[in-house]
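Survey of secondary and tertiary structure
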Amino acid sequence: MRERLFLYAVLLVMGTGWGLTIPLAKVAVSTGHQPFGLIFWQLVTVIVVLGAIILMRGKRLVFGRKYLALFVMVAFCGAVLPDIFYYIAAITLSGGVMSITTSTVAMFSLPIALLLGNERFEARRFLGVACGLLGIVLLVGPKASLSEGSGIWVLVALLAPMLYATEGNLVAKWGTQGLDPMQVIFSASLIGLCIMLPVSLVTGQWINPLEGVGLPELALVVGAAVHGIVYACYVWLVGRAGSVFAAQTSYVVTATGVLWSMGLLDERYSAWVWLALAVMMVGMFLVQPRAVRVLVPGRAMTDDGRPAEEAPRA
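The structure contained in this document is the topic of the report that follows. Values in this document were obtained by computation on a predicted structure and should not be read as measured data. (Residues numbered from 1 in each chain as written. Predicted model: local features only at pLDDT ≥ 70, side-chain atom pairs only at ≥ 80, totals over all residues. Heavy atoms only, no water.)

Looking at the environment of Met281
Applied cut-off: Secondary structure elements follow DSSP: runs of H or I no shorter than four residues count as helices, runs of E no shorter than two count as strands, and numbering proceeds from the N terminus. Type-normalised accessible area, obtained with a 1.4 Å probe on protein chains alone, sets the label of each residue: buried when under 20%, exposed when over 50%, and partly exposed for intermediate values. Throughout, a residue-residue contact means that at least one pair of heavy atoms, one from each residue, lies within 4.5 Å.
In this fold, Met281 is placed in helix H12 (residues 271–287). By relative accessible area, which is 22% here, Met281 ends up partly exposed. A sequence separation of 146 residues divides Met281 from Gly135, and the C-alpha atoms of the two residues are 9.1 Å apart. The contact partners of Met281, leaving out residues within four places of it in the chain, are Tyr251, Thr254 and Ala255.

Observations regarding the environment of Ile191
Along the polypeptide, Ile191 turns up in helix H8 (residues 181–202). As a C-alpha pair, Ile191 and Ala75 span 116 residues in sequence and 6.5 Å in three-dimensional space. Setting aside anything within four residues of it in sequence, one finds Ile191 in contact with Leu68, Phe71, Val72 and Ala75.

Remarks on the packing of helix H6 (residues 123–140) against H12
Under the convention used in this document: For every element, the axis is a line fit to its C-alpha atoms; helices are fit only across the contacting stretch, and the angle between N-to-C directions ranges from 0 to 180 degrees. Any angle that is under 35 degrees is reported as roughly parallel, and any over 145 degrees as roughly antiparallel; angles of 65 to 115 degrees are reported as roughly perpendicular and all others as oblique. Handedness of a helix crossing follows the sense of rotation of the near helix relative to the far helix, less than a right angle counterclockwise being left-handed and clockwise being right-handed. Think of it as three bins: nonpolar holds Ala, Val, Leu, Ile, Met, Phe, Trp, Tyr, Cys and Pro, charged holds Asp, Glu, Lys and Arg, and polar takes everything else, Gly as well.
Running from N to C, H6 and H12 cross one another at 165°; their axes reach a closest spacing of 7 Å. In terms of orientation, H6 and H12 fall into the roughly antiparallel class. Between H6 and H12 lies a crossing of left-handed hand. Within the contact between the two elements, H6 uses Arg124, Arg125, Leu127, Gly128, Val129, Cys131, Gly132, Leu134, Gly135, Ile136, Leu138 and Leu139 and H12 uses Trp272, Val273, Leu275, Ala276, Val279, Met280, Val282, Gly283, Phe285, Leu286 and Val287. Among the residues forming the contact of H6 with H12, the class breakdown is 17 nonpolar, four polar and two charged.

Details of a nonpolar patch on the surface
Selection rule: For patch detection, residues must exceed 30% relative accessible area and be free of salt bridges, and they are connected within 9 Å for like charges or within 5 Å for nonpolar side chains (Val, Leu, Ile, Met, Phe, Trp, Tyr). Here the Shrake-Rupley method, with its probe set to 1.4 Å, supplies the accessible areas, and only the displayed protein chains count as covering residues. By convention in these notes, a salt bridge is any Lys or Arg side-chain nitrogen within 4 Å of a carboxyl oxygen on Asp or Glu.
A cluster of nonpolar side chains, contributed by Leu68, Val72, Phe76 and Leu81, occupies part of the molecular surface with about 280 Å² of accessible area. Relative to the elements of secondary structure, Leu81 occurs in helix H3 (residues 68–90).

Here we look at the packing of aromatic side chains
The test is simple: Only the six-membered ring of Trp is used, alongside the rings of Phe and Tyr, when aromatic pairs are assigned; centres must lie within 6.5 Å, and planes under 30 degrees apart are stacked while those over 60 apart are edge-to-face, with the rest tilted.
Under the criterion given, the structure shown has eight aromatic pairs. Ring centres of Trp18 and Tyr164 lie 5.8 Å apart, and the angle between their planes is 80°; this geometry places the pair in the edge-to-face category. Residue Trp18 is found in helix H1 (residues 2–28), and its partner Tyr164 is found in helix H7 (residues 151–174); the two are separated by 146 residues along the sequence. Owing to a relative accessible area of 10%, Trp18 belongs among the buried residues under this scheme.

Next up, the structure:
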């Protein structure tokens, strides 16, 4: 029971922080900053924050060749690609709608888990996936009170949670090769940084920090720092409790993202958007496992990334 309460406490704190990053992203794009430049400086912030935490904890920074495939996968599926889709969609969509699309991590996670052999088929949980699809239809429908042409951007936004679900399932299946989650995110962010620097320069999306730091730039830094910490927690939670359990953070991210957006951005939504949110919540409830469990027995990890069965006994 104590372990279960602890895991849910991690979910609550992690989801609340992740929810805050949604309106902060809206503020970051409010003055015309483009995705590639934003992602570069976001990765810089993540590297600085996580690098400092890793060193303070007495851990080492890891760049070994044998971990390269893991780092590349996390960089692309957990940072670069989802953030590109996320920032592109955030230019048009409200923070509340962005929050609702985040809830589909759980919907995507289940079918991907089935394909990878991490989960068994359950009719109840597939009904949850169907509810998620219905929520998307309600969100992009003509009566959802979104601006004209916004439906396509909802679909673009959905690519981010799909990638997060993919990455979560891959981590659940193969683990982090004995690395601390923060070590994984740090090294993956370095790879992402090496990719985004030339891309942002070539595309003209480079953001020069010497031109001044205002509210959008501050929102980017704060959001990136929070994102780096909660994302490392997400990877740790996947290893400890499984990808489908970790995807339950979508409940908190969705709810707090909507509340943060209403409070910080003064957003208000139509009844159709609220209905879509309610249907999504029902879908998330149905799609989750009945009990807290690790998806792949024997692959739960300790804080340092080792399989639980290899950890020293107290």
